[in-house]
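# Observations on chain architecture
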Amino acid sequence: MLSFIVRRVLWLIPVLLVISLITFFLMLSVPGNPFEGSGEMPLPAATVERLRAHYGLDDPIFTQYVRYMRNVVLRWDLGPSYAGNRSVNEMVADGFPISATLGLLGLLVALSIGIPLGITSALNQNRAIDHFAMFFAMAGVSVPAMTLAPLMIWIFALNLGWLPVARWGTWQQAIMPAIILGLGPAAGLARLTRASMLQVIREDYIRTARAKGVPERQITIRHALKNALIPVITVLGPMFAGMVTGAVVVERIFAIPGMGGYFVGGVSSRDYPVIMGMVLVYTFFLVLSNLAVDLAYAWVDPRIRLDQR
Amino acid sequence: MKHTVKPTDSLWRDAVRRLLKNKLAVVGGGVVLILVFIAIFAPLIAPYPYAEADFTETFAPPGGRFLLGTDFLGRDMLSRLLYGTRISLTVGTLGALFAFFIGVLYGTMSGYFGGKVDNAMMRVVDVLYAFPSLLFIILLMVVFKTSFGAAGEATRGPFVVAIANLDRFLGGMLFILIGISLTSWIGIARLSRGMALSLREMEFIQAAKALGAGHWRTIVRHLAPNLLGPIIVNVVLAVPSFIATEAFLSFIGLGVDPPTPSWGAMIQDGIRAMRSHPHLAIYPGIALAVTMLSFAFLGDGLRDALDPRLKQ
């Protein structure tokens, strides 16, 4: 197990390096520079030159990359933003806790709807409740946050007045964003849990347990569910990655001041350090959650670590 | 000796029969056909040109001269929704096509050759796979939009100008397609590789080799056709995700160029007037969801039809 963990953690280093390299070179290969502005009020040439020199944009790209990465690795410093006087670190410090809270709430919604739904479906295979649940699951996977958010705001905020329209801070304001973010993953989880559960309840050891006279309830929970949830763990990583997309949309629609807003803002104003910093933080986090999922998987199912190349 | 393809014929006919028995899949397929029809004949069906703004009729309510009302520039919502089908369907299907060809070729080659080739090819895929594809597409779009955008007009060569013009002609769709194609093949490649790895040990591949078939012929004629079923299913099931990606990019302002109508961009416009005119964000959202759902139903039906064993 230890060598498995070490191997997995070491693999992160080249992945993060390559990703940061791709990001950096892609951005700096773009002609022009971020201080040219959109043409409305061009800065004087001398000012642009001074700014470029100040941020070290005239050095060779590779020098810039090494300098940037040294700051990131040694000092956890993601650099200054070109727009305004805030550092990327401050932006992350502001936005990350909010995005992470939203993400965790979404995950909670996904797990608490998806898994019970999948189990109920599997235990009532081919009955009406199963068909209904699976229809919901299929719809849930395909209805994007972009559709759901305006609809829910219209129904629950504008018509019924139960929930606030937007913004962030109170628990009422978190309800709609969390549900919208969690519903898609919930649907995916429901389908997977059902499939996995159906496979497990046909196993010999379930029949054995039943033959021994173990109560049905205990069979479902202790014998079937425990094993059925193992493959479900594997999708949690990609699922979390998918929620990042949803989060950007949800944050924008509900005017939630998370990382998504900073990222989109940085993209539209070509603020290299902001784009770079956000990509690094997002990627680092996603890779880390994938790692956690892999380790959890190897921990619950010993066959996995032995199988590794 | 004559080659016959009869036996494969019945497999596909069988699949079609099973597909037609699946009500949801038929409905999904039907809606997809209607959408294709709308996309092709949008100029004939739409009551107004999509970019025609009537500043005396901004935010007109649904009904009357404008069946679904008008947006903040007084443009007819219905016409824009109908035209929006074009972007979504083109990006969805072409994205799937690219993903299919690149993915299958890359994956089968990697799996077929195995060993060092496989190792090298799969490391590339592993890194790209770890890169959140959406972030990658966003970066690519930033690079494309600025490299080929209005800035630095004078310094560009004829090739760059030609591409920029083509993209402008397509309303900004070219780069969305390139961005999606560059990332979408990865999942398909992993899938094809896994299947090729297990198939290459099968007797019929050994037989083809023994009969003197070259690498290329073995891959194209013997290996690829046997991967087809599951991969087609996965490609169709991926169409909604490409449609969603386009909508997302246009939503955050990296997709189509205005005034080209894209549902994602329309939702973004609608959100700004959410309190007073919620329907402006809701209509394009519904169009988007209906399109994605139809492809999902169709893909699900295809999976059950092509591989009945999977159905539980």
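Treat the numbers as computed from the prediction; the structure is a model and nothing was measured.

In this section: the overall build of chain A. The helix and strand tally for chain A stands at 12 helices and 0 strands. For chain A, the α and β elements follow one another from N to C terminus as α-α-α-α-α-α-α-α-α-α-α-α. In terms of its C-alpha atoms, chain A occupies a principal-axis envelope of roughly 85 × 55 × 30 Å. For chain A, buried positions account for 47% of its 309 residues. Taken as a whole, chain A presents about 15,700 Å² of accessible surface, with 65% of it coming from carbon and sulfur.

As a further point, take helix H3 (residues 61-75) of chain A. All names here are of chain A. Along its 15 residues, H3 runs 21 Å from first to last C-alpha, staying within 8% of the 21 Å computed at 1.5 Å per residue. What H3 keeps buried is the set Gln64, Tyr65, Tyr68, Met69 and Val72. All buried residues of H3 project into a common sector of 120° when viewed along the axis, lining one side. Of the exposed residues in H3, the ones pointing more than 90 degrees away from its buried face are Phe62, Leu74 and Arg75. The inward-facing, buried residues of H3 contact helix H1 (2-28) and helix H11 (272-300). Among the residues trailing H3, Trp76 stands out with phi positive, at a value near 50°.

Moving on to the confidence of the model for chain B. Predicted confidence across chain B gives a mean pLDDT of 80, with 91% of residues reaching 70 or more. Scoring of the predicted complex yields 0.83 for pTM and 0.81 for ipTM.

This part covers the packing of aromatic side chains. Evaluation of the coordinates by the stated rule reveals 12 aromatic pairs over all chains. Measuring from ring centre to ring centre gives 5.9 Å for A:Phe135 and B:Phe297, while their planes differ by 25°; the resulting arrangement is stacked. In this pair, A:Phe135 sits in helix H5 (residues 128-142) while B:Phe297 sits in helix H11 (residues 279-306), so the two residues belong to two different chains. Given the relative accessible area of 9%, B:Phe297 is considered buried. A ring pair is formed by B:Phe37 and B:Phe41, whose centres lie 4.8 Å apart and whose planes are at 50°; its orientation type is tilted.

Turning next to the pattern of salt bridges. Applying the stated criterion across every chain yields a total of 9 salt bridges over all chains. Among the salt bridges present, the one from A:Asp204 reaches A:Arg207, with a minimum N-O distance of 3.5 Å. Pair noted here: A:Asp204 and A:Arg207 are both in helix H8 (residues 204-211), with a separation of 3 residues, about one helical turn. Each of the two residues, A:Asp204 as well as A:Arg207, counts as exposed. A salt bridge links B:Arg303 to B:Asp300; the nearest nitrogen and oxygen atoms lie 2.8 Å apart. Taken together, the positions of B:Arg303 and B:Asp300, both in helix H11 and 3 residues apart, correspond to about one turn of that helix. Judged by its relative accessible area of 11%, B:Asp300 falls in the buried class.

What follows deals with empty space enclosed by the protein. Residues and elements named next belong to chain A. All told, the structure shown has 2 cavities of 30 Å³ or more when counted by the stated rule. Space inside the largest cavity adds up to approximately 190 Å³. In terms of lining residues, the largest cavity is bounded by 15 residues, among which Ser99, Phe240, Val244, Tyr282 and Phe285 are the most central. Those elements that provide at least two residues to the lining of the largest cavity are helix H4 (88-123), helix H9 (216-253) and H11. Looking at the lining of the largest cavity element by element, the count peaks at 5 residues for H9.

About the thresholds
Residues numbered from 1 in each chain as written. Chains lettered and ligands numbered in written order. Predicted model: local features only at pLDDT ≥ 70, side-chain atom pairs only at ≥ 80, totals over all residues. Heavy atoms only, no water. Helix = DSSP H or I, 4+ residues; strand = E, 2+ residues; numbered from the N terminus. Buried < 20%, exposed > 50% of the residue type's maximum accessible area, 1.4 Å probe, protein only. Areas by Shrake-Rupley, 256 points an atom, 1.4 Å probe, with all protein chains shown as cover. Expected span 1.5 Å × (residues − 1). Arc of directions from axis to C-beta. Contact = heavy atoms within 4.5 Å. pLDDT = per-residue confidence, 0-100. Phe/Tyr/Trp six-rings, centres within 6.5 Å; stacked < 30°, edge-to-face > 60°. Salt bridge = Lys/Arg side-chain N within 4 Å of Asp/Glu carboxyl O. 1 Å grid on protein atoms, 1.4 Å probe; cavity = no way out; pocket = protein on both sides within 12 Å on 5 of 7 lines; lining within 4 Å. Points joined across faces, edges and corners; volume = space filled by probe spheres on them.

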